[in-house]
Amino acid sequence: MRKNFSVFLATVCALLMVITNNGFAFAAEFSNDKLNNCYLDVMNEYNNNSDNLTFDYDDKYYDIAMESNEINGKLLDYVEINDDILSQSYGGSYIDDDGYLNIMLTGNQEECNKIIFDMFAYDNPCTEIVKYSYKEIMAEKDKIDSSMEAYITEVNSGKMNAETQSLINSIQTVSYDDINNQIVVSLCNNTDSAAIAMQSDESQYHTNMNDQIDTFKEKISDSDIISFDIVNDEIEMTATE
């Protein structure tokens, strides 16, 4: 089906908001492969064409995903303003590659699924059990964001020590990974010394970056909710802990 491009672009952006909830930094890369590819196709269409753009899309997927997006918005609003068993047990949600909303819980499935059906008429019961509630994760993310803001103020005032400033400079993103029920801190070290270490001794490079992780845990947060990724130019790896 062909739709007016500007309408479709606005819709895609709205859907992508369900997939990402990044705080300290934002990158246009999404956990849902279908939406990620859709975003890339939209941007290519935008870059390669001019006025009166139209775009092909999967009508069935689009309709299901739009309904999922609407339910997800209502669910998040409910969780944020209430403190009942659903709000405390809600562990996040994501739209899968078929467009359906997958709701995760920390427990109390029967009671929570009933509330979800009664409040939102959503009859796709939660089957995924996760460790951390959405409120726990968001509280930890707020703590990280506050610490980051305080350290950035120190950087701007020239009062920060070299070790902490090196850490702040290495932080690329702090994001909420809804599918894996965690916060992901991406560290990027593309300094000349890091590149030399990577070329000469990969184990030394890992040691250097794990030192950054240790500094993060000491200075900002050592919560188990946090996972670390290391990115250096075209080299991407998961940090060992």
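All values derive from a computational prediction rather than experimental measurement.

Novice: What exactly am I supposed to notice about unusual backbone geometry here?
Specialist: Backbone phi values are negative for most residues with the exception of glycine, while trans is the configuration of most peptide bonds. Residues other than glycine seldom take positive phi values, yet Asn108 does so here, at roughly 55°. Residue position: Asn108 is located in the loop between strand 4 (101-105) and helix 5 (109-120). Given the relative accessible area of 37%, Asn108 is considered partly exposed. For Ala121, which is not glycine, the phi torsion reads 55° and is therefore positive.

Novice: Teacher, can you tell me more about the pairing of strand 3 (residues 90-95) here?
Specialist: For a regular strand, side chains alternate in direction, first toward one face of the sheet and then toward the other. The buried fraction of strand 3 is high, at six of six residues. Taken together, the five bridges between strand 3 and strand 4 define a ladder with antiparallel strand orientation. Its bridge partner being in strand 4, Ser93 is matched across the sheet by Ile103. In textbook terms, the turn of a hairpin is the stretch between consecutive antiparallel strands, and for strand 3 and strand 4 this stretch comprises five residues, one of which, Gly99, has a positive phi near 95°.

Novice: Can you walk me through the environment of Gln109 in this structure?
Specialist: On the secondary structure map, Gln109 appears in helix 5. Beyond its immediate stretch of four places on either side in the chain, Gln109 contacts Cys126, Thr127 and Ile129. Separated by 3.1 Å, the side chain of Gln109 and the backbone oxygen of Cys126 make a polar contact.

Definitions and cut-offs
- Residues numbered from 1 in each chain as written.
- Predicted model: local features only at pLDDT ≥ 70, side-chain atom pairs only at ≥ 80, totals over all residues.
- Heavy atoms only, no water.
- Helix = DSSP H or I, 4+ residues; strand = E, 2+ residues; numbered from the N terminus.
- Buried < 20%, exposed > 50% of the residue type's maximum accessible area, 1.4 Å probe, protein only.
- Pairing = 2+ DSSP bridges.
- Contact = heavy atoms within 4.5 Å.
- Polar contact = N/O pair within 3.5 Å; in protein donor to acceptor, adjacent residues only side chain to side chain.

Keep in mind these numbers describe shape, not what the thing actually does.
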